[in-house]
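# Survey of secondary and tertiary structure
One letter stands for each residue in the lines below.
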Amino acid sequence: MNVLKPILVAFVLSLTTIGIAQSKKQIPEVEALLKKMTIDEKIGQLNLLTPGGGVATGSVVSENVEAKIKAGNVGGLFGVASPSKMKIAQDIAVKQTRLQIPLLFGSDIIHGYKTTFPIPLGLSSSWDMDLIKSTAQIAAKEATADGINWNFSPMVDIARDPRWGRIAEGAGEDAYLGSAIARAMVTGYQGDNLTDANTMLACVKHFALYGAIEGGRDYNSVDMSRVKMFNQYLPPYKAAIDAGAASVMTSFNDVDGVPATGNKWLLTDLLRDRWGFEGFVVSDYTSLNEMIAHGLGDLQAVSALALKAGLDMDMVGEGFLSTLKKSLSEGKVTEADITNACRRVLEAKHKLGLFDNPYRYIDNSRPAKDILTKENRDVARQAATHSFVLLKNENNVLPLKKATKIALVGPLADSRNNMLGTWAPTGDVKNAITILEGFKNVAPDATITYAKGSNILNDAEMAKKINVFGPRVEISKESSEALLNEALAAAKKSDVVVAVVGEATEMSGEAASRTDITIPDTQKKLIKALVETGKPVVLVLMSGRPLAIPEEFNLPVSILQVWHPGVEAGNAVADVVFGNYNPSGKLTATWPRSVGQIPVYHSMKNTGRPAPASEEFQKFKSNYLDEKNSPLFPFGYGLSYTSFEYADLKINKDKISQGEAVEVSVTLKNTGNFDGEEVVQLYLHDVVRSITPPNRELKGFKKVFLKKNESKEVTITLQPEDLKFYNSDLEFVAEPGTFEVFVGGDSNASLKKEFILE
Ligand code: BGC
């Protein structure tokens with residue numbers, strides 16, 4: 001028996017191995033190729049380089065790229081400037097290397113390729129999943145027409161700190177909405193079949209928790225409890241994986257003290273073992289090497305650690321390329337570790353059909369017919385109009401009549417360089433429509449007097465930091481006084497003033513964190529002076545983040561938040577200002593009154609000492625001496641030119657058992673003077689449970705169009721999983737008890753009903 005035992009164990013183990021191998025559905029073509037590959041060739045596939053011409057977001061750029069491709073040392077390239085360069089690179093890979101393995105071509109197509117859509121934070125404010133999906137489909141069609149087959153998007157990092165510039169790149173603060181958007185984008189990019197020439201691999205990023213960096217300072221550390229992670233930050237990544245995202249990019253930050261790029265719990269235990277992810281994992285730009293600065297060891301040590309943790313591809317750093325063979329010979333990694341990573345990269349190439357045709361995405365006939373077409377631009381215009389959020393409409397000044405005298409002022413009113421927004425490296429500012437042009441297009445009968453009015457900011461040092469990708473902040477030679485006087489003169493001879501103000505493009509985005517998120521002083525002065533003229537003032541506010549604007553809000557002005565609207569900026573802004581489209585956007589991240597309130601978001605908890613509902617300060621309660629707890633604009637907030645009334649909230653059951661769905665319905669009436677769309681939002685409060693519940697959490701929404709005076713019954717179904725949360729043991733459960741349901745037009749919704757889960 002004793003003699004037999006090891007044999008039996010070995011037999012069982014081999015069966016298990018076969019079992020695992022079978023469950024992973026190995027691809028014979030890939031397995032055959034792996035058998036032919038030397039260890040160097042395998043390591044080569046794990047290397048992702050950028051030959052320059054794109055955006056270098058770190059201090060290292062790749063060198064001798066051609067020679068490295070020829071030597072079989074490259075698995076893919078990104079940021080390649082043109083399709084002809086991709087063709088040359090692919091030629092080298094498939095004609096001049098021993099095994100002729102084609103390259104992947106990656107890129108950052110975050111909100112459109114050449115047809116630039118609004119920044120993602122803006123796009124999310126549309127709450128329109130079909131629209132968001134169609135922007136992703138168009139991005140895929142255009143990018144693949146230019147040879148790209150792998151997109152470093154969607155960025156699904158939950159962000160609750162508007163100091164962080166990259167809040168612009170995601171869908172805001174909420175896991176439920178963020179998950180829906182993640183699904184829409186992944187399915188938009190990848191379509192039904194990745195071998196279709198107009199689909200590309202999605203790459204969900206940045207895994208994980210990048211949006212929770214301390215103090216909103218880019219690249220900073222993250223420390224978070226598991227229950228918070230699972231309930232509030234991880235769902236969008238998981239939704240993207242469940243939707244079939246083919247790849248994952250790690251984040252720069254650490255999680256539980258281990259940099260994400262080398263975090264085995266994250267990349268293997270959670271991502272692969274718990275979530276069943278079968279695609280490949282790429283590092284962020286040199287994030288592998290950055291583990292040295294994080295304090296985890298030298299390049300060889302961190303590379304071995306990252307490979308063992310589950311990283312498959314190394315972006316730019318060449319840590320894998322330069323050290324893995326040595327680590328193999330020293331027993332620090334195994335050949336199986338390398339083979340597994342290589343297999344995943346090859347499988348992605350197979351999914352794209354690159355082994356059948358390495359030039360599938362390099363087709364000269366496509367760019368002219370697929371890129372920046374009239375139809376694509378129409379969607380960009382529609383997406384932009386749907387992303388705008390009407391924050392205030394003083395005396396219902398908006399929409400403006402088309403034949404009026406308008407002073408169109410402000411440093412962003414005629415600023416082509418600032419329309420596309422952050423992370424639009426493939427877009428071309430030359431194609432963007434300025435607000436001034438849009439006004440002329442949409443309201444040709446208006447008398448428009450333009451004046452810049454002020455600089456975006458007057459601080460030359462700050463301007464230099466912002467202008468890395470081109471002149472976003474241009475400080476005029478004219479004095480501030482002269483600029484202001486010109487704007488005031490324009491205001492005086494007009495019926496209404498439209499001031500386009502806010503942030504330049506690169507004031508948000510990567511490495512663009514701010515501790516002060518107010519409108520810069522120069523523009524504040526302009527706004528106040530315009531108000532003093534007594535003319536009605538409309539602020540068209542641009543930004544890549546929620547701003548703190550209590551001062552402007554208290555002025556008698558109207559405020560239309562337009563983010564950075566993309567290539568059709570001017571036309572879209574004019575469409576909304578002149579009433580061709582009635583705004584329907586709703587905020588997807590809370591707008592604080594001041595930086596001191598951050599973090600402030602809708603799903604905060606009650607605490608043991610909640611502040612009084614009146615917001616009167618009370619000693620020994622959870623409040624501030626100098627500020628209210630409530631934000632300036634809550635999550636989900638946004639006005640319309642019409643008004644909506646909610647009534648008659650109903651739930652189809654008072655009591656349900658586990659596994660049952662609940663139908664919630666409400667009557668929505670358009671009570672104003674315009675046809676319009678409303679985002680009906682459902683929030684849930686799990687009153688008693690084993691871990692402290694948020695006061696309310698978004699658990700359903702529907703965007704509804706109503707003609708004026710029309711009313712409709714809107715039904716939202718709560719699925720059994722909508723009642724679930726991750727408990728202290730990280731089990732996804734619904735606990736019996738009372739659930740309160742709130743329905744309305746923002747997260748302060750007051751209509752309330754309850755039901756009991758038995
Ligand atoms: C960013 C990623 C991006 C990568 C490649 C990094 O700096 O964090 O989002 O995909 O650069 O351009």
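Residues numbered from 1 in each chain as written. Predicted model: local features only at pLDDT ≥ 70, side-chain atom pairs only at ≥ 80, totals over all residues. Heavy atoms only, no water.

### Topic: the nonpolar core
- Counting residues in each nonpolar core, the largest one holds 214 residues, and the members touching the most others are Leu77, Trp150, Phe207, Leu234, Phe439 and Ile549.
- Not counting the four nearest positions on each side in its chain, isoleucine 549 is found in contact with Leu391, Ile519, Leu541, Ile559, Trp591, Leu632 and Phe633.
- Of all hydrophobic cores here, the second largest spans 24 residues; its members include Val664, Val666, Leu682 and Leu706. (Core = buried A, V, L, I, M, F, W, Y, C linked by side-chain atoms within 4.5 Å. Buried < 20%, exposed > 50% of the residue type's maximum accessible area, 1.4 Å probe, protein only. Contact = heavy atoms within 4.5 Å.)

### Digging into the pattern of salt bridges
- Applying the stated criterion across every chain, the model contains 38 salt bridges.
- A salt bridge links lysine 205 to aspartate 108; the shortest N-O distance between them is 3.1 Å. You can see lysine 205 sitting in strand 5 (residues 201–207) and its partner aspartate 108 sitting in the loop between strand 3 (104–107) and helix 6 (120–124), a full 97 residues away along the chain.
- By relative accessible area, which is 1% here, lysine 205 ends up buried.
- Where aspartate 256 meets arginine 226, a salt bridge forms, and the shortest distance between an N and an O atom there is 2.3 Å. Here aspartate 256, found in the loop between strand 7 (254–255) and strand 8 (258–259), pairs with arginine 226, found in helix 9 (residues 226–233); they are 30 residues apart in sequence, far enough to count as distant.
- Classification of aspartate 256 by relative accessible area gives partly exposed; the value is 38%. (Salt bridge = Lys/Arg side-chain N within 4 Å of Asp/Glu carboxyl O. Helix = DSSP H or I, 4+ residues; strand = E, 2+ residues; numbered from the N terminus.)

### Details of the packing of helix 17 (residues 374–387) against helix 23 (residues 569–577)
- Contact pair helix 17 / helix 23: the axes reach a minimum separation of 8 Å and the direction vectors enclose 50°. Judged by the angle between their axes, helix 17 and helix 23 are oblique. Every pair of crossing elements has a handedness; the one defined by helix 17 and helix 23 is right-handed. Here helix 17 contributes Arg381, Ala384 and Thr385 to the contact with helix 23, which in turn contributes Asn571, Ala572, Asp575 and Val576. (Axes fitted to C-alpha atoms, helices over the stretch in contact; angles between N-to-C directions. Parallel < 35°, antiparallel > 145°, perpendicular 65-115°, else oblique. Left-handed = near helix turned anticlockwise from the far one by under 90°.)

### Points about helix 11 (residues 264–274)
- Among the residues of helix 11, those classed as buried are Trp265, Leu266, Leu267, Thr268, Leu270, Leu271 and Arg272.
- Its side-chain oxygen 3.1 Å from the backbone nitrogen of tryptophan 265, asparagine 263 forms the N-cap of helix 11. (Polar contact = N/O pair within 3.5 Å; in protein donor to acceptor, adjacent residues only side chain to side chain.)

### Brief notes about unusual backbone geometry
- Each neighbour pair has its own omega, and for serine 153 with proline 154 the value is 10°, a cis peptide bond.
- Within the fold, proline 154 resides in the loop between strand 4 (150–151) and helix 8 (175–190).
- Isoleucine 598 connects to proline 599 through a cis peptide bond whose omega is 0°.
- In this fold, proline 599 is placed in the loop between helix 23 and strand 17 (644–651).
- The backbone of tryptophan 127 shows a phi angle near 50°, a positive value even though the residue is not glycine.
- Here tryptophan 127 lies in the loop between helix 6 and helix 7 (129–145).
- Even without being glycine, asparagine 396 reaches a positive phi, approximately 50°.
- Residue classification places asparagine 396 among the exposed positions, given a relative accessible area of 60%.

### Points about the sheet that holds strand 18 (residues 655–656)
- On the basis of which strands lie adjacent, the open sheet formed by five strands has the order 18-26-25-20-21 and mixed pairing. The open sheet terminates on both sides in strands that have one partner only, identified here as strand 18 and strand 21 (697–706).
- Note that strand 20 (residues 676–686) and strand 21 share nine bridges and pair antiparallel. Bridge pairing in strand 21 links glutamine 681 to phenylalanine 701. (Pairing = 2+ DSSP bridges.)

### Looking at the packing of aromatic side chains
- Enumeration over the complete set of coordinates arrives at 22 aromatic pairs.
- Ring centres of tryptophan 150 and phenylalanine 152 lie 4.9 Å apart, and the angle between their planes is 90°; on these two criteria the pair is classed as edge-to-face. The two residues tryptophan 150 and phenylalanine 152 agree in class, both being buried.
- On the numbers, 6.0 Å between centres and 75° between planes, the contact of tyrosine 210 with phenylalanine 252 is edge-to-face. Of this pair, tyrosine 210 sits in the loop between strand 5 and helix 9 while phenylalanine 252 sits in the loop between strand 6 (247–250) and strand 7, placing them 42 residues apart in sequence. (Phe/Tyr/Trp six-rings, centres within 6.5 Å; stacked < 30°, edge-to-face > 60°.)

### Let's talk about the UniProt feature "domain: Fibronectin type III-like" (unreviewed entry) in the protein
- Those places that UniProt annotates as "domain: Fibronectin type III-like" (unreviewed entry) correspond, in this numbering, to residues 678–747.
- Along residues 678–747 the backbone is 0% helical and 56% strand, and the end-to-end C-alpha distance reaches 14 Å. (UniProt positions renumbered as here; feature names shortened; annotations may be inferred.)

### Focus: empty space enclosed by the protein
- Counting across every chain of the model gives three cavities of 30 Å³ or more.
- If you add up the space inside the largest cavity, you get close to 160 Å³.
- Residue lining of the largest cavity: 19 residues in total, with Met155, Gly170, Ala171, Ile181 and Met185 positioned closest to the centre.
- Looking at the lining of the largest cavity, the elements with two or more residues in it are helix 6 and helix 8.
- Counting residues per element, the lining of the largest cavity draws most heavily on helix 8, at four residues.
- Among the residues making up the lining of the largest cavity, the classes are represented as 12 nonpolar, five polar and two charged. (1 Å grid on protein atoms, 1.4 Å probe; cavity = no way out; pocket = protein on both sides within 12 Å on 5 of 7 lines; lining within 4 Å. Points joined across faces, edges and corners; volume = space filled by probe spheres on them. Nonpolar A, V, L, I, M, F, W, Y, C, P; charged D, E, K, R; others polar.)

### Some thoughts on the sheet that holds strand 12 (residues 405–409)
- In spatial order, the strands read 11-16-15-14-12-13; together these six strands make up an open sheet with mixed pairing. Among the strands making up the open sheet, the edge pair consists of strand 11 (389–392) and strand 13 (447–451). When strand polarity is set aside, the average angle formed by the axes of neighbouring strands in this sheet is 20°.
- In this sheet, strand 16 (residues 557–561) lies alongside strand 15 (residues 537–542) in parallel orientation, the contact comprising five bridges. Residue pairing in the sheet places valine 538 in a bridge with serine 558 of strand 16.

### Points about helix 17
- End to end, helix 17 covers 20 Å across 14 residues, agreeing with the expected 20 Å (1.5 Å per residue, within 8%).
- Taken together, the buried positions of helix 17 are occupied by Asn376, Arg377, Val379, Ala380, Ala383, Ala384, Thr385, His386 and Ser387. (Expected span 1.5 Å × (residues − 1).)

### A few points about the packing of helix 13 (residues 299–309) against helix 14 (residues 319–329)
- Running from N to C, helix 13 and helix 14 point in directions that differ by 85°, and their axes come no closer than 9 Å. Classified by the angle their axes make, helix 13 and helix 14 are roughly perpendicular. Contact with helix 13, carried on its side by Leu299, Gln300, Ser303, Ala304, Ala306 and Leu307, involves Gly319, Phe320, Ser322, Thr323, Leu324, Lys326 and Ser327 of helix 14 and no other residues of that element.
- A per-class count over the contact of helix 13 with helix 14 returns six nonpolar, six polar and one charged.

### So, the side chain of arginine 366
- Along the chain, the position of arginine 366 falls in helix 16 (residues 366–370).
- Note on arginine 366: relative accessible area 7%, which makes it buried.
- There is a polar contact of 2.9 Å between the side chain of arginine 366 and the side chain of threonine 144.
- Apart from residues lying up to four places away in sequence, arginine 366 is in contact with Lys141, Thr144, Ala145, Ala197, Asn198 and Ile371.

### A few points about the side chain of asparagine 289
- Its location among the elements puts asparagine 289 in the loop between strand 9 (280–282) and helix 12 (290–294).
- Given a relative accessible area of 18%, asparagine 289 falls into the buried group.
- When sequence neighbours within four positions are dropped, the list of residues in contact with asparagine 289 reads Leu299, Asp314 and Gly317.

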